[in-house]
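One letter stands for each residue in the lines below.
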Amino acid sequence: MTIKVKDLQFEPYISQHLINTRVIELANRLTIDYHDKNPLFLSVLNGSFMFTADLMKSFLSPCEISFIKLASYSGLKSTENVQELIGINENIDGKHIVIIEDIIDTGLTLKNILLQLKNQKPASIKIMTLLFKPEAFKETFEIDYVGFEIENKFVVGYGLDYDGNGRNLDQIYVLK
Ligand code: IMP
């Protein structure tokens with residue numbers, strides 16, 4: 001069924017059932033890879049909140065979970081636009097980090113996050129994303145766990161928004 005989010009029409013793309021099945025598979029992979037590592041999961045807000053909650057319910061080993069965000073603020077010069085990573089209150093030195101993203105598009109957001117995290121000397125960093133748009137990706141870093149590779153089209157739902165709306169939808173919709 002087609003739905004309207006603000007001024008745009010979207011149609012069903014990835015069903016709730018397909019998402020649930022894949023999220024459990026991803027969590028099982030993580031449980032195998034991290035059962036003895038006490039990982040720190042860093043979930044990138046806002047879009048990853050729903051994916052993270054479902055994923056973490058099926059991760060069956062000890063772990064820590066934190067939420068991070070890139071906050072834009074203007075530097076001293078009005079032309080400077082710095083993106084600061086906020087939300088890490090713990091020392092990540094020596095920890096095994098898994099970044100949890102909702103979607104990787106060009107990869108710029110994650111490149112920025114990776115640069116800032118690597119400065120803090122974690123033992124390892126891996127990347128998990130629910131959705132990945134290979135045609136839009138412009139970076140060279142490796143993405144370790146991908147839920148679904150999708151076309152280069154705009155999607156909403158299951159945490160992802162269109163202009164702040166649609167995050168609560170229980171499945172993923174694509175722009176018509
Ligand atoms: P990137 O830096 O180009 O990889 O973009 C990542 C961010 O752009 C994501 O975390 C989303 O917030 C947003 N984004 C990219 N593609 C979509 C989409 O299809 N729907 C909703 N948000 C998107």
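Numbering of residues begins from 1 in every chain and follows the order in which that chain's sequence is written. Only residues with pLDDT of at least 70 are given local features in this predicted model, and only at 80 or more are side-chain atom pairs given and counted; all residues enter the totals for whole chains, interfaces and linings. Hydrogens and water are ignored here; the side-chain numbers use all heavy atoms of the structure.

### Structural notes on the pattern of salt bridges
Salt bridges are identified by distance alone: a Lys or Arg side-chain nitrogen within 4 Å of an Asp or Glu carboxyl oxygen. As enumerated under the stated definition, the model contains 8 salt bridges in all. A salt bridge links D54 to K57, with the shortest nitrogen-to-oxygen separation between them at 3.3 Å. Taken together, the residues D54 and K57, both in helix α2 (residues 49–57) and 3 residues apart, mark about one turn of the helix. Assessed through its relative accessible area of 21%, D54 is described here as partly exposed. Each residue gets one of three labels from its accessible area relative to the maximum for its type: buried under 20%, exposed over 50%, partly exposed in between, using a 1.4 Å probe on protein chains only. For K57, a relative accessible area of 63% gives the class exposed. A salt bridge links K111 to E139, with the shortest nitrogen-to-oxygen separation between them at 3.6 Å. Of this pair, K111 sits in helix α3 (residues 108–118) while E139 sits in the loop between β7 (124–132) and β8 (145–149); the two residues are 28 residues apart in sequence, bridging distant segments of the chain. The secondary structure listing takes helices from DSSP runs of H or I that are at least 4 residues long and strands from runs of E that are at least 2 residues long, numbered from the N terminus.

### Observations concerning the site of the ligand
We call a residue near a given molecule or strand whenever any one of its heavy atoms falls within 4 Å of it. Neighbouring residues of the ligand: 15 residues in total, closest T106, G107, T109, K133 and V155. Polar contact is the term for a pair of N or O atoms within 3.5 Å; when the atoms are in protein, one must be able to donate a hydrogen and the other to accept it, and sequence-neighboring residues count only if both atoms are side-chain atoms. In the environment of the ligand, an oxygen atom lies 2.4 Å from a nitrogen or oxygen atom belonging to the side chain of T106. Here K133 contributes a side-chain N or O atom positioned 2.9 Å from an oxygen atom of the ligand. Working definition of accessibility: Shrake-Rupley area with a 1.4 Å probe, residue cover restricted to the visible protein chains. Protein chains shield 79% of the accessible area of the ligand, which is 490 Å² for the free molecule. Put simply, the parts of the chain that give the shell around the ligand at least two residues each are β6 (96–104) and α3. Among the elements that line the shell around the ligand, the one with the most residues is β6, at 4 residues. Classes in brief: Ala, Val, Leu, Ile, Met, Phe, Trp, Tyr, Cys and Pro nonpolar; Asp, Glu, Lys and Arg charged; the others, Gly included, polar. Here the shell around the ligand is composed, by residue class, of 6 nonpolar, 3 polar and 6 charged.

### Section: the side chain of S43
On the secondary structure map, S43 appears in strand β3 (residues 40–44). It only takes one pair of heavy atoms within 4.5 Å for two residues to be counted as in contact. Filtering out sequence-adjacent residues up to four positions away, S43 remains in contact with S48, T52, S66, F67, I68 and I100.

### Observations regarding the layout of surface pockets
Here the largest pocket is characterised by a volume of approximately 470 Å³. Grid spacing is 1 Å over the protein atoms alone, the probe is 1.4 Å, and a cavity is where that probe fits but cannot get out, while a pocket is an open set with protein on both sides within 12 Å along at least five of seven lines and lining residues have an atom within 4 Å of a point. What lines the largest pocket is a set of 23 residues, and nearest its centre among them are E101, D102, I103, T109 and L160. Broken down by secondary-structure element, the contributors of at least two residues to the lining of the largest pocket are β4 (64–74), β6 and α3. Here the lining of the largest pocket takes 4 residues from β6, the largest share from any one element. The residue inventory of the lining of the largest pocket, partitioned by class, reads 10 nonpolar, 6 polar and 7 charged. Grid points are joined across faces, edges and corners, and a volume is the space filled by probe spheres set on the points.

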